[in-house]
Amino acid sequence: MKHSKTLSRIAIALVVALGGLMACGDPTPGDGEQAATGEPLRIAFIAYQNPDQLLESVEPVAEYLETAIGRPIKTFAATDYAGIVEALKAGTADVGFMGPLQYVIAHQQSGAVPILGEIYDGSPTYLSKIFVRKDSGIETLAQLEEKSMAFVDPLSSSGYLFPLETFIESGLIASRQDAEKFFRKIYFAGGDEQAIRAVLNKFVDAAGVGQYSVRLLRPEEREQLLAIAESRPIPSHCVVVRSGLDPEVTTALQTALLALNEGEHHGLLKNLYAVDGYIVADDDTYAEVASLARKNGFLK
Amino acid sequence: MPRNARHTASPSRSDRTSRALGVLAVLTILVASDPAARAHIVPPQQLHPVATSYRRIEFLLNLNPIPWDSVNLDLATIAAQLESFDAAGADDLRKLGRETLARVASAAKSEDTMLAADKRRLIAHRVLSRTTRTVARAIRFDLDTARANLADYSSASDHFERARQMWAAFEPAIEAAQPAEFVRLGECWLAMVSALGYPGLAGIGARQPDTATFHEESGEIVEYLDANFIDQVGTQTLGPTLARLAPLPGVARDAYPPGQRLPPGFNVNKQIPRPRQILGMVTRGVDERETPLIALGDMAFDSALIFGEPARSLAITCNTCHNKGVTNPNFFIPGLSRIPGGMDVSNSFFGAHANNGIFDPLDIPDLRGLRFTAPYGRNGRFDSLREFTRNVIVNEFSGQEPEPMLLDALVAYMLEFEFLPNPALEPDGTLNDRAPAAARRGEALFNRPFANMAGRSCASCHDPSDHFLDRKRHDIGTVRGAEPDSRDRALDTPTLLGIKYSAPYFHDGRLATLAEVVDWFNDRYSLRLTGSQRMDLSAYLETVGDGVEAYEDTVYTLASELEEFDFFLSPYELLVERGETNLIDTTFGTIAFEIRAHKWDVQDPANLPVLDRLAGLMDRARAALAAGDLSTTDRMVNEYRALYRSNAGILE
């Protein structure tokens, strides 16, 4: 495989925006409840697989937010991040859930800003790790020269941007383009599980993936792998609001989601990608991601 | 938990799917407790329905008897998946299912007995070869379509991703039979993902498809499919999948090689929260480290090394089915279980040599109070717990003949299993005033003789004064006999103590609730109980079957597991003195395996190296033992103990 080609853009119409989003049922409150009034707050969730299932699972969250914010909530499921970014840009969604790299792109494209970061395993950051097989004899990044490497995909924070930076920081490569020469082959496996299984199955010598990928493996499979390096901390996924959203609504949403960190509604978090909780975030939280994205040509 | 599955920016379908699977897995395993506490509970690998059903069919066709109805259901599942793009293939699979059921029925009828081995194998071969060819063609179709549509990323990636997911159907067979090919072809698929191109996000990060590479790599896959799964099927040259079918009749398969997998849909995870185990001597304040025989039994109960293949590689232990000496209502293996919480223990997978050729799954019994509940086995076939245990090891799970000391130890351990305390019960089994009124009304019914039960009462067999059993076998009509007047229907009377926590009920787990049990007896014996009487009788069973703190209140189990491994190691000196080298080896191997299985539950990842060192010390002790270097073995054991003690507090 050759990866040294110019990364010219593909003329593929990402027909997403609102047309690519799936709307949830009319979120009108039932009789007897205090009706939320005003313009609905439109929240776009990323559905990794089944949009209907996702919308069903976030329904209790929407109900909670309606009561907490006092506005009707309309939920959408986008099947890819482009849909959310486009919807925020077009003003057809007010709120979106996304990863750090998507956020910095969305910010540049539309001025969207993050209001909350997710906490997972007690931390608002996570790591990318470079995994090899224990029986490969590889113990250092330098030993990966002329070896094959799997990343997750070209727009992944923990599965490309940060592990690449780990190699750059170690002085083994100077740039993204350099990586093409350093490794014998670079593959984009198309997913975290595919990438880590590619190492396990000996399809590649190493993989750069998020730290939790190993949890997709059985314990005896995990034992066969070794992390030889880890990235600097990556700020976690975030809740992003579109440019121009009423600051009062933004604050109310932020407060309502932060209130889930404890108390009677804490259980709703399992419907929100099973995070532990939220922490206040802003554009500065993602400054390093933006800087890396710029350095690698993902941002102007 | 695959949290990182979300930390990517890709709009690619393959990525989306993998992340979806990850997140779904997360949602599956997260119910109400901290994920870190259950990190060792591994979510099932998520596969495309075609791969799921294909892999299951492959497993089922190797069983004896083959569950043809299940095979037919999986054929229908594959057909439904193929319908939209390969209607002819889907029709063929449905036809295959119908024909197979008809053939099986006809063959069984003509032989007036079970389906003969040679015919069974012929039919199985036919089913697997036609299914294989159809799935292989579906993969080829999707790859060809993706190749033809590379300019349209959305279409190409959809077809490619489905092909890749269906390919997972064949992966275990290829990996087992042709490991080098498995790696080569795996690389082809990886190369294709990159060659598909990438639309990026709002144009950023976009890559053009690499048509030449995609053609080349997909060509390799298609060539392999043609050669191994399409053209060769039905001929004498068996592809890797067909080669995995059971040997020809006359060739006994008495052991599986290591590395067997359970079929998709299995669940052998332990329960969370864990059942509360009460060991008699611990309740009396005895330290398990001072009861070496019991500690050895505790270790063996948790050890897959006392079994043979395939249980050993699959980490199946006594504790898998009898979590903490109780039951495991989640346990399920397609083809071996009818419903969760049970298994056919005389099957052709775990103990082919001792298979009885009949699909007769049993509900996993609760082992609490085991010393009071002889005879053993649902039909009371073993008077001795020792003989029963030996049969489990040697015949049900293909283990080596156990050392006498191992059997003594397992028995000593299991004899310590106490019933849950039940404050509503007097020593003679009567209810006291702590029992609800409904239960006390139910008690009167329980003791009332019924004419339709030959003047006997429920209490005649479930004698309250003797742990609610009579140690006899009775035919109450739950077993279908081999022939009309055969006398093979009797089952051992089970105790009622603890039954609130051991659903489902009856020897085969056919009834889900105690209320259904009451209804069953009411109908079976025409007892003519009123609705309120049946409720009272159910309340009685619920009360008798209740107990204090049936489950542990914490989901954090690592500290207690590590303490248990310290118990496991406590018989070391005794075993050395007795010259029980095999048992020492089993102890080391079991501790090392268990630490590695549970180390993912550690709450502070900074402590992982300690756990690795503990497991490593057991590995080294085992190696030294094998080399006859007993002084090093001693040293490793002492280092392990010292390391554990200095870290026990930290690992809490």
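Residues numbered from 1 in each chain as written. Chains lettered and ligands numbered in written order. Predicted model: local features only at pLDDT ≥ 70, side-chain atom pairs only at ≥ 80, totals over all residues.

Here's the deal with the overall build of chain A
This is how it is decided: Each helix corresponds to a stretch of at least 4 residues labelled H or I by DSSP, and each strand to a stretch of at least 2 residues labelled E; elements are numbered beginning at the N terminus. Our exposure labels follow a C-beta count within 10 Å of each residue's own C-beta, placed from the backbone: buried means 20 or more other C-beta atoms, exposed means 12 or fewer, and partly exposed covers the counts in between.
Looking only at helices and strands, one finds 9 helices and 14 strands in chain A. Sorting the 300 residues of chain A into buried and exposed places 51% on the buried side.

What about the sheet that holds strand 9 (residues 185–188) of chain A?
Residues and elements named next belong to chain A. We apply this condition: When DSSP finds two or more bridges between a pair of strands, those strands are recorded as paired. Fitting a line to C-alpha atoms yields each axis, with helices limited to the stretch in contact; the angle taken between N-to-C directions then spans 0 to 180 degrees. Remark: residues whose backbone-derived C-beta atoms lie within 7 Å of one another are considered to be in contact.
What the 5 strands build is an open sheet, ordered 9-8-10-7-11; its pairing is mixed. Single-partner strands in this sheet number two, and they are strand 9 and strand 11 (225–230). In this sheet, neighbouring strand axes are inclined to one another by 25 degrees on average, regardless of whether the strands run parallel or antiparallel. Along the sheet face, helix 4 (residues 157–169) touches strand 7 (128–133), strand 8 (148–151), strand 10 (206–210) and strand 11 and points at about 115 degrees away from the line of strand 10. Along the sheet face, helix 6 (residues 192–200) touches strand 7, strand 8, strand 10 and strand 11 and points at about 150 degrees away from the line of strand 10.

Comments concerning the pairing of strand 8 of chain A
All names here are of chain A. A two-sided burial pattern is seen for strand 8, the buried positions comprising S148 and A150 on one face and M149 and F151 on the other. One ladder, built from 4 bridges, connects strand 8 with strand 9; its direction is parallel. Counterpart to A150 in the pairing with strand 9 is Y187. Looking at chain direction, strand 8 and strand 10 are connected through 2 bridges and run parallel. Bridge pairing links A150 to A207 in strand 10.

Describing the confidence of the model for chain B
A low pLDDT means the predicted coordinates there should not be read in detail. Residue and element names in this part refer to chain B. To keep it simple, the criterion reads: Each residue gets a pLDDT score, which is the predictor's confidence in that residue and runs from 0 to 100.
Mean pLDDT over chain B works out to 88, with 89% of the residues at or above the 70 mark. Counting contacts from residues 234–238, a segment whose pLDDT is below 50, to residues more than four positions away or on other chains yields 3 contacts. This stretch, residues 247–254, has a pLDDT under 50; its non-local contacts, to residues over four places away or in other chains, come to 9 contacts. In the predicted complex, the global pTM is 0.88; the interface-specific ipTM is 0.84.

A look at the packing of helix 8 (residues 179–195) of chain B against helix 9 (residues 211–230) of chain B
All names here are of chain B. Threshold: Less than a right angle of anticlockwise turn of the near helix away from the far helix marks a crossing as left-handed, whereas a clockwise turn marks it as right-handed.
It is at 9 Å that the axes of helix 8 and helix 9 come closest, and there the two elements cross at 145 degrees. As for how helix 8 packs across helix 9, the hand of that crossing is left-handed. Note on element contacts: helix 9 touches helix 8 through T213, F214, E217, S218, E220, I221 and Y224, opposite L185, C188, A191, M192 and A195.

Re the domain arrangement of chain A
Residues and elements named next belong to chain A. We count it as follows: A domain assignment, automatic or from a database, supplies the domain bounds used here. Throughout, the ten residues Ala, Val, Leu, Ile, Met, Phe, Trp, Tyr, Cys and Pro are labelled nonpolar, Asp, Glu, Lys and Arg are labelled charged, and all others, Gly among them, are labelled polar.
Along its sequence, chain A is organised into domain 1 (18–121 + 236–295) and domain 2 (128–232). The distance between the C-alpha centroids of domain 1 and domain 2 comes to 31 Å. Among the secondary structure elements, those contributing two or more residues to the side of domain 1 that touches domain 2 are helix 3 (100–110) and helix 9 (287–295). Here the residues of the side of domain 1 that touches domain 2 are counted per class, giving 5 nonpolar, 1 polar and no charged.

Side note on unusual backbone geometry
All names here are of chain B. P65 follows N64 through a cis peptide bond whose omega is 5 degrees. You can see P65 is positioned in the loop between helix 2 (49–60) and helix 3 (68–82). For the bond from A503 to P504, the omega torsion is 0 degrees, close enough to zero to count as cis. Mapped onto the elements, P504 comes out in the loop between strand 4 (491–492) and helix 17 (514–524). Phi is positive for K324, close to 50 degrees, though the residue is something other than glycine. Along the chain, K324 falls in the loop between helix 12 (318–321) and strand 1 (342–343). Of note, the phi angle at F468 is positive, near 60 degrees, even though the residue is not glycine.

Looking at the packing of helix 13 (residues 385–396) of chain B against helix 14 (residues 404–414) of chain B
All names here are of chain B. It is at 10 Å that the axes of helix 13 and helix 14 come closest, and there the two elements cross at 115 degrees. When you trace helix 13 past helix 14, the crossing you get is right-handed. Contact residues: helix 13 offers L385, R386, T389 and R390, while helix 14 offers L407, L410, V411 and M414. Residue composition of the contact of helix 13 with helix 14, grouped by class: 5 nonpolar, 1 polar and 2 charged.

Some points on the environment of I73 of chain A
Along the chain, I73 of chain A turns up in strand 3 (residues 73–78). Linking I73 of chain A and E39 of chain A, residues 34 residues apart in sequence, is a C-alpha distance of 8.8 Å.

A short note on the confidence of the model for chain A
Averaged over all residues, the pLDDT of chain A equals 86, while 88% of them reach at least 70. A low-confidence stretch, residues 1–34 of chain A stays under pLDDT 50, and its non-local contacts, those more than four residues away or across chains, total 68 contacts.

A closer look at helix 21 (residues 581–598) of chain B
Keep this limit in mind: A helix is expected to span 1.5 Å multiplied by its residue count minus one.
Here helix 21 of chain B spans 26 Å end to end across 18 residues, near enough to the 26 Å set by a 1.5 Å rise per residue. Within helix 21 of chain B, burial applies to L583, I584, T586, T587, F588, T590, I591, A592, F593, E594, I595 and R596 of chain B. At its buried positions, helix 21 of chain B is contacted by helix 7 (219–222) of chain A together with helix 11 (292–301), helix 14, helix 19 (558–569), helix 20 (572–578) and helix 22 (608–626) of chain B.

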